[in-house]
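Chain by chain, the residues:
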Amino acid sequence: MIKKSKQIINNLITKGGRLLGIDLSYFIKGSFWTSIPVGTEALLNVLVAVIFTRAVSQEVYGEYRFYISVLFTFVLFSLPGMTGAIIQSVARKHDKSFLDGTKTILKFSLLGSLAFLTVASYFYVKGRSDMSLYFALTAIIFPFLYTFRTYSSYLIGKERYSQQAKYYTVSLLLMNAFFIIAIVLFRNLAPIILTYLLAGSITNFMMHYIVKRRYEKQIHKSRKDNSLSKYGIHLSLMQVVPFIAGNLDKIFITYFLGFKVVAIYAIAQTIAQQNKLSIRPLFRIILPKLSRHKDALKTYIFLRSKIWYLIGISTTVCIVGIIFSPLLVDILFPNEYQRAAFYAQLLFAGYIFTFASTVFINYLTSQKMTKSLYKATIYPAALKILLLVILLPLFGIYGAIASQILGNYFMFGQLVYLSKKEVYSS
């Protein structure tokens, strides 16, 4: 009976794959495993937000979100683009890229420490000794915070999705367990931030060490990818403006409207960004798949034919999010955060092209179309910053939301245009 049921399911998957024109079995198996850490991370983010908002005042939570926005902006010094470079390289049998990429990230992260010391000095001069302490602690620990996450990229590049899911999920659970304990026990930002930094660094290093030992022979036997560092730096430079654009809204809201407003806005973003639950599992398995396809034109034509499926999936997810946002905010958060529900609904409207944009950015990355990648990442982000600077002082938080939505729409249109231009002009 069980064997017959499996056969029926396999037949349905095969027929579905033929109908859609994709390897449906690959995507179902891969996305099943990648959805575990993605779902865990999303749920933990919401859980942490709920506990945080109930444990501290709105003002203190706003300060924390301001700190996180600055931290995530300076993540640029940890070469976030190296993630894609390692996946792309390992997918092409360059296992040494795992360790080479880690060393490169560590070197650049030291520059991040100098940047955080500069920020700490600025707040000290301004009389905010508390903020100065937060960033001084970050300067000490930052080189280890994101460096060792490369284990995840390595396993994805090797298509070891089940292993990546297990290791990354364990890392998330350990880190957030310590973080939540710190929030409940201390209710003071200094020890909470210190716990966040130490827990993230230690858990990532543990998983990195385990994966390195497990695949040591394969790594040392493999060929070195001489273009890894250059491509990883290129991919990271492309993210400078997007990273600034992605965090500048909360920094500007803090400056113009204060910590309490940024706290509400951050909760709205936390809810709206749950749309990634349907996208990130596929995001992690698309790049290795596309990296093995050398025929850029054929791959583009295939992706272009699926664009309405991609938009349909994102739109459905966003509609569900818009419907349930008020209920989630009402159940999970204190009364002073109720306004976040409406802001979340507006933000959801900006994500209807997210799935399609994700696929096409992976396509450009897999084919190493560097020039177009620069344009596709920098131009929309620059537009977001420009709109934010203009609209936020005029319309407050609605201006910030509008800048995000319009920037996302522009990114989608530009990605489709650049992908087409690359394949037909070459």
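Here the structure is shown first, and the text comes after it.
Parameters at a glance
Residues numbered from 1 in each chain as written. Predicted model: local features only at pLDDT ≥ 70, side-chain atom pairs only at ≥ 80, totals over all residues. Heavy atoms only, no water. Helix = DSSP H or I, 4+ residues; strand = E, 2+ residues; numbered from the N terminus. Buried < 20%, exposed > 50% of the residue type's maximum accessible area, 1.4 Å probe, protein only. Contact = heavy atoms within 4.5 Å. Areas by Shrake-Rupley, 256 points an atom, 1.4 Å probe, with all protein chains shown as cover. Core = buried A, V, L, I, M, F, W, Y, C linked by side-chain atoms within 4.5 Å. Axes fitted to C-alpha atoms, helices over the stretch in contact; angles between N-to-C directions. Parallel < 35°, antiparallel > 145°, perpendicular 65-115°, else oblique. Left-handed = near helix turned anticlockwise from the far one by under 90°. Nonpolar A, V, L, I, M, F, W, Y, C, P; charged D, E, K, R; others polar.

Another aspect to go through is the overall build of the protein. Within the protein, the secondary structure is distributed over 20 helices and zero strands. Residues classed as buried in the protein amount to 55% of the 426 residues present. Residue pairs in contact within the protein that sit at least 24 positions apart in sequence constitute 84% of those at least 6 positions apart. A total accessible area of about 19,700 Å² is found for the protein, and carbon and sulfur atoms account for 68% of it.

Our focus in this paragraph is the nonpolar core. Among the nonpolar cores identified, the biggest contains 69 residues, and Phe-52, Tyr-61, Leu-71, Phe-135 and Tyr-196 are the most heavily contacted of them. Setting aside anything within four residues of it in sequence, one finds Tyr-196 in contact with Tyr-64, Ile-68, Leu-71, Phe-72, Tyr-146, Met-175 and Phe-179. Membership of the second largest hydrophobic core comes to 44 residues, among which are Val-90, Ile-105, Leu-172 and Val-211.

We now examine the packing of helix 17 (residues 340-348) against helix 20 (residues 397-425). Where helix 17 contacts helix 20, the axes come no closer than 9 Å and their chain directions differ by 25°. What the angle tells us is that helix 17 and helix 20 run roughly parallel. As helix 17 packs across helix 20, the resulting crossing turns out to be right-handed. Residues Phe-342, Tyr-343, Leu-346 and Leu-347 of helix 17 form the contact with helix 20, whose participating residues are Ile-397, Tyr-398, Ile-401 and Ile-405. Here the contact of helix 17 with helix 20 is composed, by residue class, of eight nonpolar, no polar and no charged.

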